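Topology and contacts: notes
What follows is the residue order along each chain.
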Amino acid sequence: ELEKVGLKLNETLLFCGARSFFNEPQTIYPKLIRTFWRNVEFVNKKTIASKVLGVQIMLSNDIITKATGCLREGSTYQEGWEKNYDSHVTRALYWENIEKAGDQKTTVYNLMCEKAKIWANILNKSVLYKADSKTTLLDLHKFVLFHLMENLPFDLPHTIYINI
């Protein structure tokens with residue numbers, strides 16, 4: 001069914017350098033995650049630390065890179081990233097609804113093409129935290145969505161780290 005909307009999940013994740021993150025079975029322990037965030041401290045700009053069950057845990061780009069198995073290649077998110085792509089971002093996210101989307105300052109979920117909506121939902125449930133609602137996308141979401149829609153590599157470990 002995903003193929004009907006042009007979504008080739010494995011192929012796209014491979015092109016974008018993010019496939020190994022999604023290949024691993026992911027067991028989530030909500031209590032441990034809450035404890036981690038309750039105790040988090042920023043050691044410096046590149047490292048955060050926390051204590052869970054008496055164990056010190058350190059996170060950095062390098063640690064996330066090793067844990068996800070994703071290489072740090074491709075584009076890195078930064079403010080103003082969209083300027084490098086002109087109108088390609090709008091076209092990639094809205095396709096047939098591009099006229100309705102116009103020159104929106106924010107990404108309008110309801111106008112996005114089906115493929116972009118599916119990717120947005122996958123991202124909200126895995127790599128990126130949701131903004132205020134399912135229909136609100138942050139600039140970081142838009143960055144990742146664009147790269148997935150266009151099969152462009154991006155630095156997933158860095159994206160995860162700055163999303164923390």
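It should be noted that the structure appears before, not after, this text.
Read on for an overview of the structure. Computed from a predicted model, the values in this text were never measured in an experiment. (Residues numbered from 1 in each chain as written. Predicted model: local features only at pLDDT ≥ 70, side-chain atom pairs only at ≥ 80, totals over all residues. Heavy atoms only, no water.)

**Brief notes about the overall build of the protein**
Scanning the protein from terminus to terminus reveals nine helices and three strands. Residue burial in the protein is summarised as follows: out of 164 residues, 38% are buried. As displayed, the protein offers around 10,200 Å² of accessible surface, 52% of which is attributable to carbon and sulfur atoms. (Helix = DSSP H or I, 4+ residues; strand = E, 2+ residues; numbered from the N terminus. Buried < 20%, exposed > 50% of the residue type's maximum accessible area, 1.4 Å probe, protein only. Areas by Shrake-Rupley, 256 points an atom, 1.4 Å probe, with all protein chains shown as cover.)

**Re the packing of aromatic side chains**
Enumeration according to the criterion identifies six aromatic pairs in this entry. Ring centres 5.9 Å apart and planes at 40 degrees place the aromatic pair Trp-81 and Phe-146 in the tilted group. With Trp-81 in the loop between helix 4 (61–68) and helix 5 (88–94) and Phe-146 in helix 8 (residues 139–149), the pair connects residues that are 65 residues apart, well separated along the chain. This pair shows no difference in class: Trp-81 is buried, exactly as Phe-146 is. Feature note: the residues Tyr-77, Trp-81, Tyr-85, Phe-143, Phe-146 and Phe-154 constitute an aromatic cluster, connected by ring pairs. (Phe/Tyr/Trp six-rings, centres within 6.5 Å; stacked < 30°, edge-to-face > 60°.)

**Describing the side chain of Asp-155**
Relative to the helices and strands, Asp-155 is located in the loop between helix 8 and helix 9 (156–163). Relative accessible area serves as the criterion here: at 3%, Asp-155 is assigned to the buried category. Here the side chain of Asp-155 touches His-158 through a polar contact of 3.1 Å, landing on its backbone nitrogen. Filtering out sequence-adjacent residues up to four positions away, Asp-155 remains in contact with Arg-72, Glu-73, Gly-74, Ser-75 and Thr-76. (Polar contact = N/O pair within 3.5 Å; in protein donor to acceptor, adjacent residues only side chain to side chain. Contact = heavy atoms within 4.5 Å.)

**Quick look at unusual backbone geometry**
Backbone geometry places Leu-53, a non-glycine residue, at a positive phi of 55 degrees. Structurally, the position occupied by Leu-53 is in the loop between strand 2 (47–52) and strand 3 (55–60). Residue classification places Leu-53 among the exposed positions, given a relative accessible area of 75%. Of note, Asn-151 is a non-glycine position whose phi angle comes to about 55 degrees, a positive value.

**Examining the pairing of strand 2**
For strand 2, a buried count of five out of six residues is recorded, marking the element as mostly surrounded by other parts of the structure. Taken together, the three bridges between strand 1 (residues 41–44) and strand 2 define a ladder with antiparallel strand orientation. From the neighbouring strand, Glu-41 faces strand 2, where its bridge partner is Ala-49. Taking the residues between adjacent antiparallel strands as the criterion, strand 1 and strand 2 are bridged by two residues. Of the pairings in the sheet, the one linking strand 2 to strand 3 comprises six bridges and is antiparallel in character. Counted as the bridge partner of Ile-48 is Leu-59 from strand 3. (Pairing = 2+ DSSP bridges.)

**Observations concerning a nonpolar patch on the surface**
A cluster of nonpolar side chains, contributed by Ile-33, Trp-37 and Ile-164, occupies part of the molecular surface with about 260 Å² of accessible area. Its place among the elements puts Trp-37 in helix 3 (residues 30–38). (Patch = residues over 30% accessible without salt bridge, like charges linked within 9 Å, V, L, I, M, F, W, Y side chains within 5 Å. Salt bridge = Lys/Arg side-chain N within 4 Å of Asp/Glu carboxyl O.)

**Side note on the environment of His-147**
Relative to the helices and strands, His-147 resides in helix 8. As for His-147 and Phe-15, which are separated by 132 residues in sequence, their C-alpha atoms are 9.6 Å apart. If sequence neighbours within four positions are ignored, His-147 has contacts with Cys-16, Ser-75, Tyr-85, Leu-152, Pro-153 and Phe-154. Among the polar contacts listed, one links the side chain of His-147 to the backbone oxygen of Phe-143, at a separation of 2.8 Å.

**Focus: the pattern of salt bridges**
By the definition in use, this model includes two salt bridges. Of the charged contacts in the structure, one is a salt bridge between Lys-142 and Glu-82, with a shortest N-O distance of 3.3 Å. Residue Lys-142 is located in helix 8, and its partner Glu-82 is located in the loop between helix 4 and helix 5; the two are separated by 60 residues in the primary sequence. Exposure remark for Glu-82: the relative accessible area of 24% places this residue in the partly exposed category. A salt bridge links Lys-117 to Glu-114, with the shortest nitrogen-to-oxygen separation between them at 3.6 Å. Of the two residues, Lys-117 and Glu-114 both sit in helix 7 (residues 114–124), three residues apart, roughly one turn of that helix.

Purely spatial values, then, with no claim about function.
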